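Structural overview for review
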Amino acid sequence: MAEDERATLAALDAARKVFRTQIESQGGRVVDTAGDSVIAAFETATGAVSAALAIQRKLSARLPFRIGAHLGDVLEKADGSVYGDGVNIAARLQALCEPGGVMVSQAVHGAVASRIRGGFEDAGEQAMKNIPHPVRAFRL
């Protein structure tokens, strides 16, 4: 942003279109965007991981994002915003991820391992801020 605000904003707008298209094509919905972050909710873990992989295939060479996915309960407010450990764990997984990568929890891994092409690398149990138990993570 400091080097070229207009070009950065244009790149983010283009990336958001890719996110929205891939999320919606896999049965998800964009819940919120702020800066360079996107929060999405999906009916299935397979849809979430499929969207994440498609997004990375389209964007990682130009503008690498980090994507975290977790399967868990969330609280949804009337305005559609979501909260809870499910959201927090996904955010913590994203923070552990390499740029251009996807990191999922053991819950997601168990739900999608036989349905998604690509290998999973066990990243071990991870201590996460404000999460009372470690979460096993897997890199795609």
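You'll find the structure just up there.
Residues numbered from 1 in each chain as written. Predicted model: local features only at pLDDT ≥ 70, side-chain atom pairs only at ≥ 80, totals over all residues. Heavy atoms only, no water.

One number sums up the size of the largest pocket: a volume of about 1,000 Å³. Along the lines of polarity and charge, the residues of the lining of the largest pocket split into 26 nonpolar, seven polar and three charged. (1 Å grid on protein atoms, 1.4 Å probe; cavity = no way out; pocket = protein on both sides within 12 Å on 5 of 7 lines; lining within 4 Å. Points joined across faces, edges and corners; volume = space filled by probe spheres on them. Nonpolar A, V, L, I, M, F, W, Y, C, P; charged D, E, K, R; others polar.)

Moving on: the environment of Gln106. Tracing the sequence through the fold places Gln106 in helix H4 (residues 106–112). On the accessibility criterion, Gln106 (46% relative accessible area) is partly exposed. Taking the C-alpha atoms as reference, Gln106 lies 9.3 Å from Glu125; in sequence the two are 19 residues apart. In contact with Gln106, other than residues within four places in its own chain, are Arg136 and Phe138. (Helix = DSSP H or I, 4+ residues; strand = E, 2+ residues; numbered from the N terminus. Buried < 20%, exposed > 50% of the residue type's maximum accessible area, 1.4 Å probe, protein only. Contact = heavy atoms within 4.5 Å.)

Our focus in this paragraph is the pattern of salt bridges. Pairs can form between side chains of opposite charge once their charged atoms are near each other. Under the defined criterion, the tally for this structure stands at six salt bridges. We note a salt bridge from Arg16 to Asp13, for which the minimum N-O separation is 3.3 Å. Here Arg16 and its partner Asp13 are both found in helix H1 (residues 5–25), three residues apart, which amounts to about one turn of the helix. Take Arg16: its relative accessible area is 27%, and that puts it in the partly exposed class. Asp13 gets classed as partly exposed once you look at its relative accessible area, which sits at 37%. Glu76 is paired through a salt bridge with Arg29; the nearest N and O atoms lie 2.6 Å apart. Of this pair, Glu76 sits in strand E4 (residues 75–76) while Arg29 sits in strand E1 (residues 28–34), and the two are 47 residues apart along the sequence. (Salt bridge = Lys/Arg side-chain N within 4 Å of Asp/Glu carboxyl O.)

Another point: the packing of H1 against helix H2 (residues 45–59). Running from N to C, H1 and H2 cross one another at 150°; their axes reach a closest spacing of 9 Å. It follows that H1 is roughly antiparallel to H2 by the angle criterion. Taken as a pair, H1 and H2 cross one another with a handedness that is right-handed. On the side of H1, the interface is formed by Ala15, Val18, Phe19, Gln22 and Ile23, while H2 contributes Ala51, Ala54, Ile55, Lys58 and Leu59. (Axes fitted to C-alpha atoms, helices over the stretch in contact; angles between N-to-C directions. Parallel < 35°, antiparallel > 145°, perpendicular 65-115°, else oblique. Left-handed = near helix turned anticlockwise from the far one by under 90°.)

By themselves, these observations are geometric and do not establish any function.
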